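Chain by chain, the residues run as shown.
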Amino acid sequence: MTENKNSIFIKQTLEFIRDIYGNEGNIYLHEPVFNGKEREYVLEAIDSTFVSSVGPFVNKFESDMAKYTGAKHAVAVVNGTAALHISLLLAGVQRGDLVITQAVSFIATCNAISYIGAEPAFVDIDADTLGLSPVALGEFLKEDVKVINGKAVHQPTGRTISACVPMHTFGFPARIDEIVKICHEYGITVVEDAAESIGSFYKGQHTGTFGKLGTFSFNGNKTITCGGGGMIVTNDEVLAKKAKHLTTQAKTPHRWEFSHDHIGYNYRCPNINAALACAQLEQLEIFIENKRNTSKLYSYFFESTPYQYISEPKQSRSNYWLNAILFKNRNERDAFLEYSNNSGVMTRPIWNLLHQLPMFTNCINDGLDTSINIEARLVNLPSSVIPQ
């Protein structure tokens, strides 16, 4: 594409985005929307004086999330990274272990692995889901891993692979059933990073409920938010009880004594945040319908441009947390990013690939050809709920 034609397409795209979100002021990537009972519930929490880690809204948030996702148990925590950290501990990840994940993810995925003293091993993604590829996973395991005494052992290093963390990128479900099946054959526990995929379903089942544990984020930029906030979901009652115990400083119940039986973490979600989350969760389906309608507008528009719009994978319902397009090369991508952001329309590239960050450059990877190709070409577009 010539520079002149590229400039025309860029301008047309920004005009289209402004037609959707309004022609005045800056347009942000993903803004929170508070149209429900947020103020009412937060004031109720304040008036009750239960604003910290206990209170009725924490219980309601957990109950509502379990019901919505179809999980038997849900444990609210302070953020999505904390949820993932605790879930990996509960999955049995030990210091020195390897944890399979994808290089296309936010750094929190690998931070949580690192908190334990484990190390990520990066496997490539599928181009259509942007999530961990079961084909690449199978090839990686077949080539380098043997099951010894019930444990998956990475033959070149002799290290145990104790867990696999697929991430449902931008709310697009990965082929999670295939991933779980492959990992089961090797005795590897699956912990789903569903931080971005609240409201996304694969084959009729909510993301985060396929693996042994699943984790969600309710950060300020997510589909629904409580400022921070995270959630662990599981069908295992024992793990759910352990999660609640560990995230409340491992304090044993007593009316006045301070007794603790394990190294614990101050990770519980405050009641005041949970109040906000409960009000947001009540509007989730409205938000998702709105965002899916926006995705249709984007999809229709980009049919007549050189850019490839990324639509939800087959057999899935995506929340379309962030809309994304692919350019032909990095130069086109960078030209679009510079022009759009200079014009007051916030767009963003995908995250820097995790294996290229200085903390993880020496980690195992399978070449990551698709990840590298996608990283050079992808841009996220404004994806907020459109005001009605």
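Located above this text is the structure these notes cover.
For clarity, every value in this text was computed on a predicted model and none was experimentally measured. (Residues numbered from 1 in each chain as written. Predicted model: local features only at pLDDT ≥ 70, side-chain atom pairs only at ≥ 80, totals over all residues. Heavy atoms only, no water.)

Undergrad: Would you take a moment to explain the sheet that holds strand 13 (residues 316–317) for this structure?
TA: Strands pair in a sheet through their backbones, by hydrogen bonds, and they do so in one of two ways: parallel or antiparallel. As summarised here, the arrangement of the three strands in space is 9-8-13, forming an open sheet in which the pairing is antiparallel. Where the open sheet ends on each side, the last strands, each with one partner, are strand 9 (205–206) and strand 13. Pairing of strand 8 (residues 201–202) with strand 13 involves two bridges; the strand directions are antiparallel. Looking at strand 13, one finds that tyrosine 202 is bridged to serine 316. (Pairing = 2+ DSSP bridges. Helix = DSSP H or I, 4+ residues; strand = E, 2+ residues; numbered from the N terminus.)

Undergrad: Before we go on, may I ask you to explain helix 9 (residues 271–281) in this structure?
TA: One turn of the α-helix equals 3.6 residues, which is why residues spaced by three or four share an orientation. The buried fraction of helix 9 amounts to nine of the 11 residues, a majority that puts the element mostly inside the structure. Along helix 9, the residues classified as buried are Asn271, Ala274, Ala275, Leu276, Ala277, Cys278, Ala279, Gln280 and Leu281. Where helix 9 is buried, its residues meet helix 2 (38–48), helix 3 (56–69) and helix 10 (284–302). (Buried < 20%, exposed > 50% of the residue type's maximum accessible area, 1.4 Å probe, protein only. Contact = heavy atoms within 4.5 Å.)

Undergrad: Even after reading the chapter, I still don't get unusual backbone geometry, so can you show me in this structure?
TA: Excluding glycine, most residues fall at negative phi; most peptide bonds, likewise, are trans. If you check the backbone angles, asparagine 149 has positive phi at about 55 degrees while not being a glycine. The backbone of tyrosine 320 sits at a positive phi, close to 50 degrees, despite the residue not being glycine. Turning to its location among the elements, tyrosine 320 is positioned in the loop between strand 13 and strand 14 (323–326). The class of tyrosine 320 is buried, set by a relative accessible area of 6%.

Undergrad: Just checking my understanding: could you explain the side chain of histidine 168 for this structure?
TA: With respect to the secondary-structure elements, histidine 168 resides in the loop between strand 6 (159–165) and helix 7 (176–186). Setting aside chain neighbours within four positions, we find histidine 168 in contact with Pro173, Ala174, Ile176, Glu192, Asp193, Ala194, Glu196, Ser197, Thr207 and Gly208.

Undergrad: Which parts of the structure should I look at to understand the side chain of arginine 18?
TA: Tracing the backbone through its elements, the reader meets arginine 18 in helix 1 (residues 3–21). In this structure the side chain of arginine 18 is engaged in a polar contact, spanning 3.0 Å, whose partner is the backbone oxygen of serine 343. In this structure, arginine 18 is in contact with Asn23, Glu24, Gly25, Ile27, Ser343, Gly344 and Val345, ignoring residues within four places of it in sequence. (Polar contact = N/O pair within 3.5 Å; in protein donor to acceptor, adjacent residues only side chain to side chain.)

Undergrad: I keep staring at the sheet that holds strand 15 (residues 348–349) and nothing clicks. Help me out?
TA: The sheet built from four strands is open, its strands ordered 12-14-16-15 with antiparallel pairing. In the strand order of this sheet, the two ends are held by strand 12 (308–309) and strand 15, each with one partner. Where strand 14 lies against strand 16 (residues 378–381), four bridges are found, and the strand directions are antiparallel. By the bridge assignment, alanine 324 is partnered in strand 16 with asparagine 380. Each of strand 15 and strand 16 is contacted by helix 11 (residues 330–342), which is oriented at about 25 degrees to strand 16, the strand it contacts most. (Axes fitted to C-alpha atoms, helices over the stretch in contact; angles between N-to-C directions.)

Undergrad: Please explain the packing of aromatic side chains as it appears in this structure.
TA: Two numbers describe a pair of aromatic rings. These are the distance of the centres and the angle of the planes. Inspection of the entire model under this criterion finds 19 aromatic pairs. Judged by centre distance (6.2 Å) and plane angle (65 degrees), the ring pair of tyrosine 68 and phenylalanine 201 falls under edge-to-face. Of this pair, tyrosine 68 sits in helix 3 while phenylalanine 201 sits in strand 8, and the two are 133 residues apart along the sequence. A residue is classified by how much of its surface remains accessible, and tyrosine 68, at 21% relative accessible area, is partly exposed. Between phenylalanine 302 and tyrosine 307 the ring centres are 6.1 Å apart and the planes differ by 50 degrees, which places this aromatic pair in the tilted class. In this structure, phenylalanine 302 and tyrosine 307 share a single accessibility class: buried. An aromatic cluster is defined as three or more aromatic residues linked by ring pairs; in this entry it consists of Phe9, Phe16, Tyr298, Phe301, Phe302, Tyr307, Tyr309, Phe327 and Phe336. (Phe/Tyr/Trp six-rings, centres within 6.5 Å; stacked < 30°, edge-to-face > 60°.)

Undergrad: What am I meant to see in the nonpolar core here?
TA: Burial of nonpolar side chains together is a common tendency in soluble globular proteins. Grouped together as the largest cluster of nonpolar side chains are 45 residues, with contacts concentrated most on Phe170, Tyr298 and Leu378. Every element with two or more residues in this core is listed here: helix 1, helix 10, strand 14, helix 11 and strand 16. In this structure leucine 378 touches Leu130, Phe170, Ile310, Ala324, Ile325, Leu326, Arg333, Arg348, Pro349 and Ile350, once residues within four positions along its chain are discounted. Core analysis: the next-biggest nonpolar cluster, separate from the first, contains 32 residues, Ala194, Met231, Leu276 and Leu281 among them. (Core = buried A, V, L, I, M, F, W, Y, C linked by side-chain atoms within 4.5 Å.)

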